[in-house]
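Structural features, examined
Each chain, letter by letter, is given below.
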Amino acid sequence: MSDSKKIILIVGGGGREHALAWKIASSPSVSRLYCAPGNGGTATLAGNENVPIAVSAFDEIADFALSKNVDLVVIGPDNPLADGIVDYLEQRGLKCFGPRAAAARLESSKAYAKEKMTAMGVATAGYGVFDNKTEALEYARKNNRARVVKADGLAFGKGVTVCDTIAEVESALAQIFDERAFGEAGDLVLVEDRLAGEELSLFLLCDGKSILELVPCQDHKRRFDKDAGPNTGGMGAYSPVPAYHRYRDAIESDIIEPIRRALANGKLDYKGVLFVGILIEDGKPYTLEFNARFGDPETQTFLPRLKSDLVPALFACCEGTLDQIELEWDSRHSCCVVAAARSYPAGSSKGKPIETGALDEDAILFQAGTALEGGTLVTNGGRVLSVTGLGDTIEAAARKAYDNLTRIRFEDMDYRRDIAGRVIARCQSK
Ligand code: GLY
């Protein structure tokens with residue numbers, strides 16, 4: 001990255017993009033920031049301007065970025081990556097943080113991701129791939145562990161069903177194959193072994209040849225307390241994760257090292273951030289999924305712990321200079337709690353006024369499904385906002401997030417009361 005101040009455009013409008021914008025806006029190496037389209041939170045972020053361009057309007061994004069001499073376009077969400085936004089913007093002469101479409105298939109096709117994991121020697125759960133309900137169901141009937149049904153393609157975070165019984169497997173398959181609930185994303189289905197244990201979200205910055213590991217988080221994907229209810233995009237997360245340090249060596253040898261090797265020997269061509277979803281069962285780590293982007297709400301969770309400037313690291317991913325980057329992290333813990341519409345994930349909220357009081361210095365409000373309408377902040381989505389608390393212990397960080405969340409109100413606001421609850425209970429019992 002050259003020394004001149006940079007102009008950056010972030011593509012996306014969720015909580016992840018607000019967190020990225022918050023961090024990038026604080027960078028001494030940035031002179032101007034734009035978010036397309038952004039949200040109610042980025043609208044009032046000092047140094048940023050929201051641009052009303054949809055994430056799917058690649059030509060308008062390129063025209064805008066070229067007209068403003070943007071130095072780097074940072075892509076937040078999965079869909080534009082899968083649809084080739086990086087390929088398109090690069091053809092137009094723009095520098096992008098994010099993988100090209102072929103590499104983003106690691107997220108946009110779960111069958112392809114599994115093939116790649118196997119080819120690279122990355123530990124993962126047993127699975128079968130099927131293009132019809134009969135064979136998929138037969139596989140699950142013969143294999144007592146095969147209780148996770150995944151649509152192959154992108155399904156707005158709703159394509160994975162974790163089942164307890166074969167009847168639930170049948171119903172999930174019927175939804176995909178008979179009702180076509182996910183359209184073409186359900187042309188293929190994975191039926192995967194259901195594992196039990198701690199889940200971790202690991203983020204690896206990649207520059208095409210080397211990787212830089214960020215701090216891990218633990219997300220809470222189920223909608224309700226005690227991990228009940230449907231899967232969501234994520235209802236809250238915390239960082240660091242004690243389980244990670246216990247299993248660090250196994251994760252390094254079974255997951256990270258094979259990825260590093262595949263980058264070095266050309267079996268993997270990837271730049272951007274590779275989000276590895278991991279589950280530890282009986283002390284052994286398995287890769288549940290790859291995502292081609294930062295996590296949400298993980299980004300809102302770990303970025304407040306990053307002391308270093310993020311911008312040089314993003315440029316290094318594009319320029320193949322990641323080996324020159326070192327990141328410094330705050331030793332404090334962070335806990336992010338998502339406030340959603342009560343009807344989420346089936347429904348969302350639109351146009352309801354949001355009241356926000358002043359938050360403590362070590363609590364940060366990140367907005368997701370919000371908009372500014374005539375100067376009033378209103379709801380505009382399923383996951384509406386989140387608060388990240390920082391503290392010397394995970395318990396203090398969670399308390400900080402929850403205390404500050406009580407200063408925010410909107411109609412039908414709902415959130416889990418147990419984010420980081422299990423790890424706090426474990427720490428207390430020691
Ligand atoms: N929080 C999980 C995800 O971003 O996919």
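Okay, so let's go over this structure. Every value quoted in this text rests on a predicted model; they were computed, and no experiment measured them.

Time to look at the site of the ligand. For the ligand, the full set of nearby residues is Asp219, Lys221, Gly233, Phe275, Arg293, Gly295, Asp296, Pro297 and Glu298. With respect to the ligand, the backbone of Gly233 contributes an N or O atom lying 2.8 Å from a nitrogen atom. Notes on the ligand: free accessible area 200 Å², of which the protein chains cover 90%. Grouping the amino acids of the shell around the ligand by side-chain chemistry returns two nonpolar, two polar and five charged.

Of the volumes computed, that of the second largest pocket is approximately 230 Å³. Around the second largest pocket, the lining is made up of 15 residues, and of these Arg100, Ala102, Ala103, Asp269 and Tyr270 lie nearest the centre. Elements with a contribution of two residues or more to the lining of the second largest pocket: α6 (101-108) and α7 (110-120). Taken together, the residues of the lining of the second largest pocket break down into seven nonpolar, one polar and seven charged.

Val73 and Phe290 are the most contacted members of the largest nonpolar core, which totals 76 residues. Those residues within four positions of Phe290 in sequence are excluded, and the remaining contacts are Leu106, Glu107, Ala113, Met117, Met120, Val122, Ile259, Leu274, Phe275 and Val276. Leu212, Val215, Phe275 and Leu303 belong to the second-largest nonpolar core, a separate cluster that totals 38 residues.

Think of a ball as big as a water molecule: rolled over the atoms, this probe shows where empty space is left. Under the definition given, this model contains two cavities of 30 Å³ or more. Lining the largest cavity, in full, are Gly15, Asp296, Gln300, Val338, Phe366, Ala368, Arg383, Val384, Leu385 and Ser386. If you tally residues by element for the lining of the largest cavity, the top one is strand β24 (residues 383-391), at four residues. The wall of the second largest cavity is formed by Glu199, Leu200, Ser201, Lys221, Phe275, Gly277, Ile278, Leu288 and Glu289.

With that settled, the discussion passes to the packing of helix α8 (residues 133-142) against helix α9 (residues 166-177). At a minimum axis distance of 10 Å, the contact between α8 and α9 shows a crossing angle of 160 degrees. When the axes of α8 and α9 are compared, the pair comes out roughly antiparallel. Relative to α9, the crossing made by α8 is right-handed. Across from Lys133, Ala136, Leu137, Ala140 and Arg141 in α8, the residues of α9 making contact are Ile166, Val169, Glu170, Leu173, Ala174 and Phe177. Across the contact of α8 with α9, the residue classes tally to eight nonpolar, no polar and three charged.

Let us look at the state of the cysteines. By the definition in use, this model includes zero disulfides. With no disulfide of its own, Cys96 lies closest to Cys318 among cysteine sulfurs, the gap being 7.3 Å. Taking relative accessible area as the criterion, Cys96 reaches 1% and is therefore assigned buried. Cys336 takes part in no disulfide bond, and the closest cysteine sulfur, belonging to Cys335, lies 7.3 Å away. The exposure class assigned to Cys336 is buried, which follows from its relative accessible area of 0%.

Attention shifts here to the sheet that holds strand β9 (residues 189-193). Taken together, the four strands give an open sheet; going across it, the order is β6-β9-β7-β8, and neighbouring strands pair in antiparallel fashion. The sheet terminates laterally at β6 (127-130) and β8 (160-162), the two strands that pair on one side only. On average, each strand axis in the sheet is inclined to that of its neighbour by 20 degrees, with strand direction left out of account. Sheet topology places β6 next to β9; four bridges connect them, and they run antiparallel. Looking across to β9, one finds that Gly128 is bridged to Val191. Running over the sheet, α8 touches β6, β7 (146-151) and β9 and is turned about 165 degrees from β6.

Here we take up the pairing of strand β17 (residues 284-291). For β17, the tally of buried residues reaches six of eight residues, placing the bulk of the element in the interior. Pairing of strand β16 (residues 271-281) with β17 involves seven bridges; the strand directions are antiparallel. Bridging across to β17, Gly277 finds its partner in Glu289. Counted along the chain from β16 to the antiparallel partner β17, the turn is two residues long, and its residue Asp282 has a positive phi close to 50 degrees.

A separate point is α9. Turn by turn, an α-helix covers 3.6 residues, leaving residues three or four places apart pointing in a common direction. When the terminal C-alpha atoms of α9 are compared, their 16 Å separation across twelve residues agrees well with the 16 Å that a helix rising 1.5 Å per residue should span. Buried within α9 are the following residues: Val169, Ala172, Leu173, Ala174, Ile176 and Phe177. On its buried side, α9 packs onto β6, α8, β7, β8 and β9.

As summarised here, the arrangement of the three strands in space is β19-β23-β22, forming an open sheet in which the pairing is antiparallel. One side of each edge strand has no neighbouring strand; the edge strands of this open sheet are β19 (349-353) and β22 (370-373). Taken over all neighbouring pairs, the strand axes of this sheet differ in orientation by 30 degrees on average, direction set aside. In this structure, β22 lies alongside strand β23 (residues 376-381), joined through four bridges in antiparallel fashion. For Glu373, the partnering residue across the bridge sits in β23 and is Thr376.

The subject of this paragraph is α8. Of the residues making up α8, those classed as buried are Ala136, Leu137 and Ala140. Buried residues of α8, viewed axially, fall in a sector of 95 degrees; they line one side. Opposite the packed face of α8, turned more than 90 degrees from it, sit the exposed residues Thr134, Arg141 and Lys142. Lining the buried residues of α8 we find β6, β7, α9 and β9. For α8, the N-terminal cap is Asn132; the gap from its side-chain oxygen to the backbone nitrogen of Thr134 is 3.3 Å.

Definitions and cut-offs
- Residue indices begin from 1 for each chain and proceed along its sequence in written order.
- A pLDDT threshold of at least 70 governs which residues receive local features in this predicted model, and a stricter bar of 80 or more applies before side-chain atom pairs are shown or counted, although totals over entire chains, interfaces and linings include all residues.
- Hydrogens are left out, water is left out, and the side-chain values use all remaining heavy atoms of the structure.
- If a single non-hydrogen atom of a residue is within 4 Å of a molecule or strand, that residue counts as near it.
- Polar contacts, as counted here, are pairs of nitrogen or oxygen atoms within 3.5 Å of one another; within protein the pair requires one atom able to donate a hydrogen and one able to accept it, and residues that are adjacent in sequence qualify only if both atoms are side-chain atoms.
- Using the Shrake-Rupley algorithm and a 1.4 Å probe, accessible areas are obtained, with residue cover drawn only from the displayed protein chains.
- Gly is put with the polar residues, along with every residue not named as nonpolar or charged; the nonpolar set is Ala, Val, Leu, Ile, Met, Phe, Trp, Tyr, Cys and Pro, and the charged set is Asp, Glu, Lys and Arg.
- The way it works is a 1 Å grid over only the protein atoms, where trapped points that fit a 1.4 Å probe form a cavity and open points with protein on both sides within 12 Å along at least five of seven lines form a pocket, and then any residue with an atom within 4 Å of a point lines it.
- Grid points are joined across faces, edges and corners, and a volume is the space filled by probe spheres set on the points.
- Starting at the N terminus, helices and strands are each numbered in turn, a helix being any DSSP run of H or I of at least four residues and a strand any DSSP run of E of at least two.
- Here, the term nonpolar core denotes a set of buried Ala, Val, Leu, Ile, Met, Phe, Trp, Tyr and Cys residues that are joined through side-chain atoms within 4.5 Å.
- The rule is simple: take the accessible area with a 1.4 Å probe, protein chains only, and divide by the maximum for that residue type; under 20% is buried, over 50% is exposed, in between is partly exposed.
- In this description, contact between two residues means that some pair of their heavy atoms is separated by no more than 4.5 Å.
- Every axis corresponds to a line fitted to the C-alpha atoms, with the helix fit spanning only the stretch in contact, and the corresponding angles, defined between N-to-C directions, vary from 0 to 180 degrees.
- In this scheme, roughly parallel covers angles under 35 degrees and roughly antiparallel covers those over 145, while 65 to 115 is roughly perpendicular and the rest are oblique.
- Two helices crossing with the near one rotated counterclockwise from the far one by less than a right angle form a left-handed crossing, whereas a clockwise rotation gives a right-handed crossing.
- Here, two cysteine sulfur atoms that lie within 2.5 Å of each other are counted as a disulfide.
- Only when DSSP finds a minimum of two bridges between them are two strands counted as paired.
- In this analysis, the expected span of each helix is defined as 1.5 Å times one less than the number of residues it contains.
- This arc is taken over the directions from the axis of the helix to the C-beta atoms.

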